[in-house]
Amino acid sequence: MAGIIGYGAYIPRNRIRVEEIAKIWGADAPSYKRGLGLEEKSVPSPDQDTITMAVEAAKKAIRRAAIDPREIGAVYVGSESHPYAVKPSGTVLAEAIGATPEVHSASFEFACKAGSEAMFVCLCQVESGRIRYGLAVGADTSQGAPGDALEYSAAAGAAAFLFGRDNTIADVNETYAYMTDTPDFWRREYQHYPRHAGRFTGEPAYFKHVLGAARGILSKTGMGPKDFAYAVFHQPNGKFPLNAAKQLGFTREQVETGRLVPKLGNTYSGSSPLGLTAILDVAKPGDRILMVSYGSGAGSDAFVFTVTDRIEAVRGKAAATRDMLDRNKVYLDYGTYCKYRGKILKAE
Amino acid sequence: MANPARYWREIPQRYRLEAARCASCGEISFPPRLVCPQCRSRKFESVTLREEGKILAYTVTRVGPSQFADQTPYAVGVVELDDGVRIMTQIVDCDFDKLAAGQRVRIEFRRIQKQGDAGILCYGYKCVPM
Amino acid sequence: MRDVAIIGVGLNKKWGELWNVSLRDLFVEAALNAVDDAGVDHLDSMYVGCMTSGLFVGQEHLGSLMADYLGANPIPATRVESACASGGAAFRQGFIEVASGISDYVLVGGVEKMTDVGGDEATYALSAAADMEYEAYHGVTFPGLYALMARVHMERFGTTCKQLAQVAVKNHKHGALNPEAQYPFEVTVEDVLGSVMVADPLHILDCSPITDGAAAVVLCPLDTARRIAKKPVVRVLASAQASGTIALHSRKDLASIESTSQAATKAYRAAGIGPRDIQVAEVHDCFTIAEIMVLEALGFVETGKGGQAAESGMTALGGRIPVNTSGGLKAKGHPVGATGVAQVIEITRQLRGDAGPRQVKDARIGLTQNMGGTGGSSVVHILGAA
C-alpha cells in the first residue's frame with residue numbers, strides 16, 4: 001500500500017499578536033480574538049518565501065524517510081504565494097534537495113488546498129507505479145490586505161510529505177475530492193491582495209465542501225468518527241474546524257492535536273498539512289487520521305491515513321511541529337511586520 | 001548580478017554546498033577550484049559541506065546596499081563549518097545581543113537577493129543559531 | 001637594473017566632491033602639475049592606476065584616454081588595476097620600466113572619479129574589490145569586512161573602540177595642516193564614537209570617504225635626476241608587492257594582513273634596512289582598524305600592539321614614527337586609484353623637506369604601504385633622500 005514515508009514542517013520564528021494589528025486599525029482586539037479563535041500568527045522574514053520554507057520542510061521529510069533524493073520522481077509544490085508567477089517553485093526545491101535532473105515538477109494552485117492537491121497527485125503517481133517516491137509540499141506566505149479581517153490570520157508555514165510504497169509511516173486508505181464553482185475568495189491577476197465575500201465564505205463555501213468531502217469519504221470507507229484517533233480540517237481560524245468537527249460528530253480531543261491555528265494563524269496551503277505533521281509527531285501505530293483540506297473557489301480533498309509501526313523509529317529524526325510553533329519566537333511590532341511583508345510604499 | 005547565467009552557475013554551491021576535496025592533501029575548497037590552494041594539485045573529489053559549525057567573527061551591518069534594505073540591520077560573519085571550511089554568510093533569526101564568537105550555528109536555505117521587482121530571485125545559504 | 005628617482009610630483013588642486021571636474025580632467029591636471037614640477041619636456045611611457053572607471057563612469061581604456069588628453073600620444077600608456085592598491089601597483093610598474101632600462105621618463109598617475117554615481121552604486125563598485133560571488137553576494141560590505149577583522153583583533157588583543165577612534169583623530173589632526181585634503185579639520189574621539197554606526201564596531205568616522213582626486217609622479221633614472229632635477233632628488237630604495245587571498249574567510253588569520261607583511265619583508269631586504277629605520281610612513285587607513293593592523297604587519301610595532309600606537313602618540317607628528325602626515329585616507333580622502341600615488345607624493349615631499357607644517361624633521365627614509373580589498377594585494381615602497 002502507498003502512503004507517507006517521511007514528513008517535515010517549517011514555521012518561521014516571527015510572530016505578531018492580534019492586539020498589535022488591532023491597535024493600528026482601531027479594532028477591538030478581544031472581539032477579534034474571540035471571533036477568530038486565534039491569538040497570534042507567524043510572519044516570514046524578508047528572506048523567506050514559499051520556496052525557502054518548502055526546502056527546509058522537505059529536508060526534514062527526506063531525513064525521516066532516509067531515502068536518496070535522487071530517487072524522488074516528482075516534486076510538487078502547492079501554494080497561493082509562489083514566488084514566481086511563471087517558473088515553478090518545484091525546480092528550486094528539487095535542485096536544493098538534489099533530486100534533479102530525473103524528476104517531474106509542477107506548481108499547484110487552488111487557494112488553500114494546493115498543498116493537499118500536491119499530496120493527492122504524488123500519491124496517485126506512486127500508486128500507479130510511475131514513480132518510486134514523490135515529494136508534495138504545501139507552503140504559503142499568504143498576505144492579508146491591511147486592516148482587513150484576513151490580515152489577522154494570514155500566516156506562513158510549510159509542510160512536506162514524501163510518498164512511497166516501502167517503509168510507510170502512514171498508509172493512505174482512501175481519498176475523496178469534492179469540488180464546485182463557488183466564488184468565496186479569489187485574487188485576480190496583477191492584484192496584490194485577495195478579495196473575499198465575507199460571511200459567504202462560511203456555510204456555502206468552507207462548510208459545504210469540508211463537510212461534503214468528509215461525509216463522502218466516511219461513506220466511501222464505511223467509517224465513522226469513532227474509528228479515528230485524530231481529525232484535522234483546514235484551519236482559516238480557530239472556530240471553523242471546531243464547528244466542522246462538531247457537525248460531523250468528532251470530539252474536541254480528536255481535533256485539538258492538529259488544530260495549530262490559534263498560535264500559528266492560517267498557513268493557507270500549509271494549513272491542514274501542517275496540522276497533519278503535528279499529529280504524526282505524536283500518533284501511535286494503528287491510529288487512524290482523517291484530513292480534510294479546503295481551498296476557496298472551492299473544493300476539499302479528504303484523506304484517511306493509518307499510522308504504521310514505523311512511525312516511532314522515524315519521527316524523532318527532525319524537529320516536531322509544536323516545538324517550532326512554541327519555542328524561539330520573536331514578536332514583531334506592526335511597523336516591522338509591514339516592512340517584512342512589503343506593505344510599505346517605497347520610492348522606486 | 002543581473003545575468004541569470006552567472007547566478008545559475010553557482011547553484012550547486014549556493015543550494016547544495018557542493019565543494020571539492022583535494023585528492024592529494026585533503027584540503028576542501030569551497031567553491032571548487034581548478035588548483036588546490038594548499039598543494040597546487042589539480043585532482044579533486046566532489047564533497048558536500050557539513051551543515052553545522054560555529055561563528056568565528058560576526059558584525060552587524062547597519063548601513064547596507066539597497067538590495068538588502070528590507071533586512072537592514074543584519075548580522076554577517078565568518079562561520080567555520082564542522083569540516084573546517086569557512087564561509088562568509090548572514091546570520092539570521094538571531095538576537096544581536098546574544099551573538100558571540102564560538103556560537104554554534106546551522107545552515108538554512110534562504111532567499112539572498114532579488115533582482116529588483118522583475119528580475120530573478122537568488123537563493124542560497126544563511127546560518128541560524130542552533 | 002638602474003636606480004630610479006622621482007623628479008616630479010603633482011596632485012589636482014583639491015580632493016573632494018568635484019562636480020565640475022571629469023575623470024579625464026582630474027588626471028590631466030595632476031599629470032601636468034607633476035610634469036611641470038619635474039621640468040621635463042617629454043615622456044617615454046605612462047601608467048594610469050584606477051580601480052574601476054568602468055563601474056564609476058562607464059569608461060575603460062584609460063591608457064589611451066589619458067595619453068590622448070595629456071597630449072602624450074603615441075607613447076605607450078597602460079591602465080593598472082589592483083583595487084585600492086591600483087596606484088601603488090602602477091607606481092611599481094613605472095619603477096620597473098625605468099629600472100629595466102626600457103624607458104627614461106615615465107609618468108605614473110592614479111585617479112578615481114567616484115561621485116558620478118549615487119552612494120549605492122559606489123558601494124557596489126567598491127565591493128568589487130572583494131569576492132563578488134562568495135562575499136559581496138551575501139551582503140557583507142567593505143566596512144563589514146573590516147569590522148570582522150576589528151572584532152577578532154579586539155577580542156584577541158584587547159584593542160578598544162577608543163583606540164580605533166584615536167587613529168581617525170590623529171589623521172585628522174595631520175589633515176588639518178594639508179590644504180589639498182578633502183577634510184582639512186580636526187575631529188575628537190567623542191565625534192568618532194558618537195557618529196553613526198556603519199558595521200559594529202566601525203562608525204562612519206572610522207571609515208575613509210568617497211572622493212574624486214588624482215595624483216601623479218614622474219620617474220627617471222637616478223643619474224639623470226642628479227643632472228636635471230630642479231628639486232631635491234628622491235630615490236626609490238625598494239619596491240615590493242605581494243598577493244593574498246581575495247576573500248577574508250580564506251585567510252588563515254582574520255586579524256593580520258599577510259600580504260603586507262610579505263611585501264614589507266621583501267622591501268626591507270631590498271633596501272637593506274629594517275622597520276626601525278623608517279622615519280615617516282604613509283599607510284592605507286581605509287578604516288581605522290586597517291592602520292592598526294598595517295603597523296603590525298610592517299613591523300613598526302609588535303603584533304597586537306597596533307592599537308597603542310595612535311593612543312600613545314607614537315605615530316603622530318613629533319612622535320617616534322609619524323604615520324599619515326598627509327591626513328591619510330581618512331582626512332585626505334580616498335580616490336581609490338590615486339591613493340597609492342598620493343602616498344608616494346607625501347613621502348617625496350617629506351624627503352625633499354617640502355612638507356611645510358607637516359614636515360618631519362630630517363626625514364631621510366620613508367615608506368608607503370598601499371593595499372587592495374581586505375589585503376588581497378599589498379604594495380610597499382621605500383624611498384630615500386638621494
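Residues numbered from 1 in each chain as written. Chains lettered and ligands numbered in written order. Predicted model: local features only at pLDDT ≥ 70, side-chain atom pairs only at ≥ 80, totals over all residues.

A. Structural context of the sheet that holds strand β6 (residues 133-141) of chain A. All names here are of chain A. As summarised here, the arrangement of the nine strands in space is β5-β4-β6-β7-β1-β8-β13-β12-β11, forming an open sheet in which the pairing is mixed. For this open sheet the edge positions go to β5 (104-108) and β11 (230-233), each flanked by a neighbour on one side alone. Averaged over all adjacent pairs, the angle separating strand axes in this sheet is 20 degrees, with direction ignored. Of the pairings in the sheet, the one linking strand β4 (residues 72-78) to β6 comprises six bridges and is parallel in character. Residue pairing across strands places Gly-78 opposite Gly-138, the latter belonging to β6. (Pairing = 2+ DSSP bridges. Helix = DSSP H or I, 4+ residues; strand = E, 2+ residues; numbered from the N terminus. Axes fitted to C-alpha atoms, helices over the stretch in contact; angles between N-to-C directions.)

B. Broad picture of the pairing of strand β4 (residues 106-112) of chain C. Residues and elements named next belong to chain C. Counted residue by residue, β4 has seven buried out of seven residues, so it is predominantly covered. On β4, burial covers both faces: Val-106, Val-108, Gly-110 and Glu-112 on one face and Leu-107, Gly-109 and Val-111 on the other are all buried. Pairing between strand β2 (residues 45-49) and β4: five bridges, direction parallel. The partner of Ser-45 across the bridge, within β4, is Val-106. Across seven bridges, the pairing between β4 and strand β7 (residues 213-221) is antiparallel. Across the sheet, Val-106 pairs through a bridge with Leu-219, a residue of β7. (Buried ≥ 20, exposed ≤ 12 C-beta atoms within 10 Å, placed from the backbone.)

C. A look at the domain arrangement of chain B. Residues and elements named next belong to chain B. Splitting chain B by domain gives domain 1 (13-48) and domain 2 (50-130). Using C-alpha coordinates to define each centre, domain 1 is positioned 23 Å away from domain 2. Taken together, the contact between domain 1 and domain 2 spans six residues of the former and seven residues of the latter. Partitioned by chemical class, the residues of the side of domain 1 that touches domain 2 number five nonpolar, no polar and one charged. (Domains from an automatic or database assignment. Contact = placed C-beta atoms within 7 Å. Nonpolar A, V, L, I, M, F, W, Y, C, P; charged D, E, K, R; others polar.)

D. Expanded view of the arrangement of the chains. Across the two pairs of chains that are in contact, the largest number of contacts falls between chains B and C. Between chain A and chain C there is no contact, and the shortest C-alpha to C-alpha distance separating them is 12 Å.

E. Spotlight on the interface of chain B and chain C. Taken residue by residue, the interface counts 25 residues in chain B and 25 residues in chain C. Within the residue set of the side of chain B that touches chain C, elements represented by two or more residues are β4 (52-61), β5 (74-81) and β6 (86-91) of chain B. Among the residues forming the side of chain B that touches chain C, the class breakdown is 15 nonpolar, seven polar and three charged.

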